[in-house]
Protein chains: 2
Amino acid sequence: MSQDQVPEIVVGRLPLYLRMLEFLKKEGKPITSSQELADRLGLSSAQIRKDLSYFGEFGKQGTGYNIDYLLKQLRQILHVDRVWDVVLIGAGDLGRALAHYQGFESEGFRLVAIFDNAPKKIGAPVGDLQVQDVTVLPRWIHEKRIRVAILAVPAVAAPAVAAKLVELGICAILNYAPITLNVPPSVRVYHIDPVIGLQKMAYYL
Amino acid sequence: MSQDQVPEIVVGRLPLYLRMLEFLKKEGKPITSSQELADRLGLSSAQIRKDLSYFGEFGKQGTGYNIDYLLKQLRQILHVDRVWDVVLIGAGDLGRALAHYQGFESEGFRLVAIFDNAPKKIGAPVGDLQVQDVTVLPRWIHEKRIRVAILAVPAVAAPAVAAKLVELGICAILNYAPITLNVPPSVRVYHIDPVIGLQKMAYYL
């Protein structure tokens, strides 16, 4: 099935399945079932079987899923069976927290550089990296053929930085700025926003 | 329609509509349409009309939506026409970034306290707050009848802290720890995880 024929909501659940399978593998399990995944993730087993069926047959009725095999397949489907170089724009509290985050590399992403435009931040060490002047961002993206960026700048700066990233060939932006970015349809934006999550939960309070 | 009859995916889009309506209002617009919302949000206008129809009639064919009215209705539906007190657990880089985040209060949430268990962090100022010893968390939650918490602690500490929060009566947890939390069905968890977003986008790369 071609990429665009799979509903986006289904694609959005694949990383959750991947994470849960990794967790079960760490627990030492070789096999799982749609029921076990469903119970752990708070979904229905039918939903999980239907989601996976978009991509092929990964288990047999009654025998469950081989965890190693399903992990490998899901990583291929999500294109994280390789490691994507990622640039991070913004070296404030949030940027520094992200630079210290240990969970990227095992999941298909490597933070290769962090940028800011504040003179007092440029040159400062952040984890294993050193904050670069944002003026050298174009060279980095071009030379390393980077396609993925994380945006951790204030809302007021985000539209201009995003426009620049798109111009430089970035195709996927993880956006922490509390603002909707206007980008061409060919560019994916995933918006991380604490308020969206809080408001969704407040509905159920 | 009762709360549980609305699909969760629909509820999850309401905060996006709210945010976009606030943005259009700031632009000075009094009226919008499902088509304008759709264009700005990258959804279909039929989807937006269908989502809103779960909750009532908010506009007339041909005249569009009155932005002030729809904002008010959506805030009521999401229960953010009041302000929820929120506690934040974890005063590392991420906790500090969240404590400095200016966007909570206008959207229905007020960060009232930040907690950590590290002696060298306790007492330190973070924005308008001061880091409290996590041992006083039960008293805070009880006295202020707090129902919402943000978890910004390392993955290894998250399960125990989450269990404690649930025991203390917290009903909604915004979880930044890169781990799936096991909580009773009555407790909502919204998991904020950069890897999930990056992996979803990688599918389209």
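Just so you know, these numbers come straight off a predicted model, no measurement behind them.

**Section: the overall build of chain A**
Turning to step 1, where the next piece is worked out: Summing up its helical and strand segments, chain A has eight helices and ten strands in all.
Turning to step 2, where the next piece is worked out: Along the three orthogonal principal directions, the C-alpha set of chain A runs to about 60 × 35 × 30 Å.
Turning to step 3, where the next piece is worked out: Looking at chain A residue by residue over its 205 residues, the buried ones come to 48%.
Turning to step 4, where the next piece is worked out: Residue pairs in contact within chain A that sit at least 24 positions apart in sequence constitute 54% of those at least 6 positions apart.
Turning to step 5, where the next piece is worked out: Approximately 9,900 Å² of chain A is accessible, and the part contributed by carbon and sulfur atoms is 51%.
Turning to step 6, where the next piece is worked out: Taking the 23 positively charged and 20 negatively charged side chains of chain A as two groups, their mean positions are separated by 1 Å.

**Some details on the pairing of strand E5 (residues 109–116) of chain B**
Residues and elements named next belong to chain B.
Turning to step 1, where the next piece is worked out: With seven of its eight residues buried, E5 lies for the most part within the structure.
Turning to step 2, where the next piece is worked out: Strand direction decides the pairing type here: strand E4 (residues 84–89) and E5, joined by six bridges, are parallel. From the neighbouring strand, Val86 faces E5, where its bridge partner is Leu111.
Turning to step 3, where the next piece is worked out: Taken together, E4, helix H5 (residues 93–100) and E5 form a β-α-β motif whose crossover is right-handed.
Turning to step 4, where the next piece is worked out: Where E5 meets strand E7 (residues 129–133), three bridges bridge the pair, whose relative direction is parallel. Each residue of the ladder has a partner; that of Asp116, found in E7, is Asp133.

**So, the packing of aromatic side chains**
Turning to step 1, where the next piece is worked out: Per the counting criterion, the structure on display carries ten aromatic pairs over all chains.
Turning to step 2, where the next piece is worked out: Between Tyr101 of chain B and Phe104 of chain B, the aromatic rings sit 4.8 Å apart at their centres with planes inclined by 65 degrees, giving edge-to-face as the arrangement.
Turning to step 3, where the next piece is worked out: Centroid distance Tyr203 of chain B to Tyr204 of chain B: 4.9 Å. Interplanar angle 85 degrees. Geometry classified as edge-to-face. By the burial criterion, Tyr203 of chain B is buried, and Tyr204 of chain B matches it.
Turning to step 4, where the next piece is worked out: Ring pairs connect the aromatic residues Tyr54 and Phe55 of chain A together with Tyr203 and Tyr204 of chain B, which therefore count as one cluster.
Turning to step 5, where the next piece is worked out: Positioned over the ring face of Trp84 of chain B is Arg82 of chain B, at 3.6 Å from the centre of the ring.

**Thoughts on the pattern of salt bridges**
All names here are of chain A.
Turning to step 1, where the next piece is worked out: Within the structure shown, the criterion is met by 28 salt bridges over all chains.
Turning to step 2, where the next piece is worked out: In this structure, Asp85 engages Arg110 in a salt bridge whose closest nitrogen and oxygen atoms are separated by 3.1 Å. Separated by 25 residues along the polypeptide, Asp85 in strand E4 (residues 84–89) and Arg110 in strand E5 (residues 109–116) bring together distant segments of the chain.
Turning to step 3, where the next piece is worked out: What makes Arg110 partly exposed here is its relative accessible area of 33%.
Turning to step 4, where the next piece is worked out: One network of salt bridges, with partners in common, ties together Glu27, Lys29, Glu36 and Arg40.

**A word on the packing of helix H1 (residues 8–26) of chain B against helix H3 (residues 45–53) of chain B**
Residue and element names in this part refer to chain B.
Turning to step 1, where the next piece is worked out: Packing of H1 against H3 brings their axes to within 10 Å, and their N-to-C directions diverge by 110 degrees. By the angle between their directions, the pair H1 and H3 is classed as roughly perpendicular. Facing Val10, Arg13 and Tyr17 of H1, the residues of H3 in contact are Gln47, Ile48, Asp51 and Leu52.
Turning to step 2, where the next piece is worked out: For the contact of H1 with H3, the residue count by class is four nonpolar, one polar and two charged.

**Looking at the sheet that holds strand E2 (residues 59–60) of chain A**
All names here are of chain A.
Turning to step 1, where the next piece is worked out: The antiparallel open sheet is built from three strands, whose spatial order is E1-E3-E2. On the outer flanks of this sheet lie strand E1 (31–32) and E2, each paired with one strand and no other.
Turning to step 2, where the next piece is worked out: Helix H4 (residues 67–77) rests against E1 and strand E3 (64–66) of the sheet, and its axis sits at about 70 degrees to E3.

**Observations regarding the confidence of the model for chain A**
When pLDDT is low, close inspection of the predicted coordinates is not appropriate.
Turning to step 1, where the next piece is worked out: In this model, chain A carries a mean pLDDT of 92, and residues with pLDDT of at least 70 account for 98%.
Turning to step 2, where the next piece is worked out: Across the predicted assembly, pTM comes out at 0.85 and ipTM at 0.94.

**What about helix H2 (residues 34–41) of chain A?**
Owing to its 3.6 residues per turn, the α-helix brings residues three or four apart onto one side.
Residue and element names in this part refer to chain A.
Turning to step 1, where the next piece is worked out: Listed as buried for H2 are Ser34, Glu36, Leu37 and Ala38.
Turning to step 2, where the next piece is worked out: Next to the buried residues of H2 lie helix H1 (8–26), E1, helix H3 (45–53) and E3.
Turning to step 3, where the next piece is worked out: Following H2 by one or two positions, Gly42 adopts a phi angle in the positive range, close to 70 degrees.

**Considerations on the interface of chain A and chain B**
Turning to step 1, where the next piece is worked out: Taken together, the contact pairs 57 residues of chain A with 58 residues of chain B.
Turning to step 2, where the next piece is worked out: Note on chain A versus chain B: buried area summed over both sides is about 5,600 Å², and carbon and sulfur give 71% of it.
Turning to step 3, where the next piece is worked out: Looking only at chain A, the three residues that lose the most surface to chain B are Tyr203, Tyr204 and Leu205 of chain A, adding up to 15% of its buried area.
Turning to step 4, where the next piece is worked out: Viewed at the interface, chain B and chain A are joined by four salt bridges.
Turning to step 5, where the next piece is worked out: Across the salt bridge formed by Asp193 of chain B and Arg19 of chain A, the nearest N and O atoms sit 2.0 Å from each other.
Turning to step 6, where the next piece is worked out: Linking chain A to chain B there are 16 residue pairs in polar contact (both at pLDDT 80 or more).

**Concerning the relation of the copies chain A and chain B**
Turning to step 1, where the next piece is worked out: Under the fitted operation, chain A is carried onto chain B by 0.0 Å of movement along the axis and a turn of 180 degrees, and the coordinates agree to an RMSD of 0.0 Å. Here the transformation between the copies is reduced to the relation of a two-fold axis.
Turning to step 2, where the next piece is worked out: With an isologous cut-off of 70% or more, the 100% of interface residues of chain A that recur at the interface of chain B puts this contact in the isologous class.

**As for the environment of Arg49 of chain B**
Residue and element names in this part refer to chain B.
Turning to step 1, where the next piece is worked out: Relative to the elements of secondary structure, Arg49 occurs in helix H3.
Turning to step 2, where the next piece is worked out: Through-space distance from the C-alpha of Arg49 to that of Gly12 is 15 Å; in sequence the pair is 37 residues apart.
Turning to step 3, where the next piece is worked out: Aside from chain neighbours lying at most four places away, what touches Arg49 is Ser34 and Tyr65.

Quick notes on the rules
Residues numbered from 1 in each chain as written. Chains lettered and ligands numbered in written order. Predicted model: local features only at pLDDT ≥ 70, side-chain atom pairs only at ≥ 80, totals over all residues. Heavy atoms only, no water. Helix = DSSP H or I, 4+ residues; strand = E, 2+ residues; numbered from the N terminus. Buried < 20%, exposed > 50% of the residue type's maximum accessible area, 1.4 Å probe, protein only. Contact = heavy atoms within 4.5 Å. Areas by Shrake-Rupley, 256 points an atom, 1.4 Å probe, with all protein chains shown as cover. Lys, Arg positive; Asp, Glu negative; His and termini not counted. Charge placed at Lys NZ, Arg CZ, Asp CG, Glu CD. Pairing = 2+ DSSP bridges. Right-handed = clockwise from strand over helix to strand, strands pointing away. Phe/Tyr/Trp six-rings, centres within 6.5 Å; stacked < 30°, edge-to-face > 60°. Lys NZ or Arg CZ within 6 Å of the ring centre and 35° of its normal. Salt bridge = Lys/Arg side-chain N within 4 Å of Asp/Glu carboxyl O. Axes fitted to C-alpha atoms, helices over the stretch in contact; angles between N-to-C directions. Parallel < 35°, antiparallel > 145°, perpendicular 65-115°, else oblique. Nonpolar A, V, L, I, M, F, W, Y, C, P; charged D, E, K, R; others polar. pLDDT = per-residue confidence, 0-100. Buried area = accessible area lost by both parts, 1.4 Å probe. Polar contact = N/O pair within 3.5 Å; in protein donor to acceptor, adjacent residues only side chain to side chain. Least-squares fit on C-alpha atoms with pLDDT ≥ 70 in both.

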